[in-house]
Amino acid sequence: RRARAPARSHRPLRAAPMTWVPFGGKTSSIWEHTFTPLHLGIILAVSGNLLIACSLALQKWVHMAFEREDEEPRLAARARTLFPVALLGLMLGEVGNFAAFGLASPTVVSPLGAVAVIANAAIAFLVLKERFYLR
């Protein structure tokens with residue numbers, strides 16, 4: 001007689017969550033199951049939005065500096081290095097946002113766009129010396 005196979009339970013199998021383990025795969029109790037792609041997506045979304053806000057403020061600051069110099073802004077923007085740096089920062093921030101959508105759910109990443117709005121308001125008030133109105 002052959003031995004009978006053990007009875008299977010009717011519970012569905014659950015996949016283990018994806019984890020990122022630092023230091024070349026050496027696990028430690030601190031990092032194990034704590035840093036997931038969701039966390040990386042959130043970090044990318046927040047840092048991308050902050051980079052976008054800083055880049056937009058730098059672009060406006062460059063334009064305001066050109067207005068004070070009485071030069072034509074389009075010609076002066078190509079001649080200065082800060083404007084292309086701000087443009088590169090804007091592109092890198094958008095790439096970070098795009099990568100965040102691949103790692104985390106859009107329902108998590110999209111509301112984090114409010115970080116850019118808050119950062120824009122703070123940078124405009126503190127750096128660009130614009131007035132802040134409460135409505």
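Residues numbered from 1 in each chain as written. Predicted model: local features only at pLDDT ≥ 70, side-chain atom pairs only at ≥ 80, totals over all residues. Heavy atoms only, no water.

**Comments concerning the overall build of the protein**
A count of helices and strands for the protein gives five helices and zero strands. Along the protein, from the amino end to the carboxyl end, the secondary structure elements read α-α-α-α-α. Relative to its 135 residues, the protein shows a buried fraction of 24%. For the protein, the proportion of contacts with a sequence separation of at least 24, taken over those separated by at least 6, is 66%. (Helix = DSSP H or I, 4+ residues; strand = E, 2+ residues; numbered from the N terminus. Buried < 20%, exposed > 50% of the residue type's maximum accessible area, 1.4 Å probe, protein only. Contact = heavy atoms within 4.5 Å.)

**Concerning helix 3 (residues 82-103)**
Look at helix 3: 32 Å from first C-alpha to last across 22 residues, which is about the 32 Å you get at 1.5 Å a residue. Of all the positions in helix 3, only F83, A86, G89, G93, G96, N97 and A100 are classed as buried. All buried residues of helix 3 project into a common sector of 135 degrees when viewed along the axis, lining one side. Exposed side chains of helix 3 directed beyond 90 degrees from the buried face belong to L92, V95, F98 and G102. (Expected span 1.5 Å × (residues − 1). Arc of directions from axis to C-beta.)

**Concerning the pattern of salt bridges**
Scanning the entire structure with this criterion turns up one salt bridge. Between E130 and K60 there is a salt bridge, with the nearest N and O atoms lying 2.4 Å from each other. Of this pair, E130 sits in the segment after helix 5 (114-126) while K60 sits in helix 1 (residues 37-69); the two residues are 70 residues apart in sequence, bridging distant segments of the chain. (Salt bridge = Lys/Arg side-chain N within 4 Å of Asp/Glu carboxyl O.)

**Structural notes on the environment of M91**
Position of M91 relative to the elements: it lies in helix 3. For M91, a relative accessible area of 47% puts it in the partly exposed group. Sequence-wise, M91 and S55 are 36 residues apart; in three dimensions their C-alpha atoms are separated by 9.1 Å.

**Remarks on the side chain of T36**
Within the fold, T36 resides in the segment before helix 1. A distance of 3.0 Å separates a polar atom in the side chain of T36 from a polar atom in the side chain of H39. (Polar contact = N/O pair within 3.5 Å; in protein donor to acceptor, adjacent residues only side chain to side chain.)

**Quick word on the packing of aromatic side chains**
By the definition in use, this model includes one aromatic pair. Residues F125 and F132 carry aromatic rings whose centres are separated by 6.4 Å and whose planes lie at 65 degrees to one another, so their mutual orientation is edge-to-face. For F125, a relative accessible area of 46% puts it in the partly exposed group. (Phe/Tyr/Trp six-rings, centres within 6.5 Å; stacked < 30°, edge-to-face > 60°.)

**What to know about a nonpolar patch on the surface**
Side chains of F125, L126, V127, F132 and L134 sit close together on the surface and give an oily, nonpolar patch of about 580 Å² of accessible area. Looking at where V127 falls in the secondary structure, it is placed in the segment after helix 5. (Patch = residues over 30% accessible without salt bridge, like charges linked within 9 Å, V, L, I, M, F, W, Y side chains within 5 Å. Areas by Shrake-Rupley, 256 points an atom, 1.4 Å probe, with all protein chains shown as cover.)

**Here we look at the confidence of the model for the protein**
Taken residue by residue, the protein gives an average pLDDT of 79. The fraction at 70 or more is 68%. Averaged pLDDT values for the elements of the protein fall to 63 in helix 2 (residues 73-79) and rise to 92 in helix 3. (pLDDT = per-residue confidence, 0-100.)

**Quick word on helix 1**
Here helix 1 contains 33 residues, and its C-alpha end-to-end distance of 47 Å stays within 8% of the 48 Å for a straight helix at 1.5 Å per residue. Those residues of helix 1 not exposed but buried are G41, A45, G48, N49, I52, A53, S55, A57, Q59, V62, A65 and F66.

**Regarding unusual backbone geometry**
Even without glycine at this site, K129 takes up a positive phi of about 60 degrees. Overall, the relative accessible area of 68% leaves K129 in the exposed class.

**A word on the packing of helix 1 against helix 3**
Relative orientation of the contacting elements helix 1 and helix 3 amounts to 160 degrees, with a least axis distance of 7 Å. The pairing of helix 1 with helix 3 is recorded here as roughly antiparallel in orientation. Handedness of the helix 1/helix 3 crossing: left-handed. A breakdown of the residues in the contact of helix 1 with helix 3 according to their chemical character gives 20 nonpolar, 10 polar and one charged. (Axes fitted to C-alpha atoms, helices over the stretch in contact; angles between N-to-C directions. Parallel < 35°, antiparallel > 145°, perpendicular 65-115°, else oblique. Left-handed = near helix turned anticlockwise from the far one by under 90°. Nonpolar A, V, L, I, M, F, W, Y, C, P; charged D, E, K, R; others polar.)

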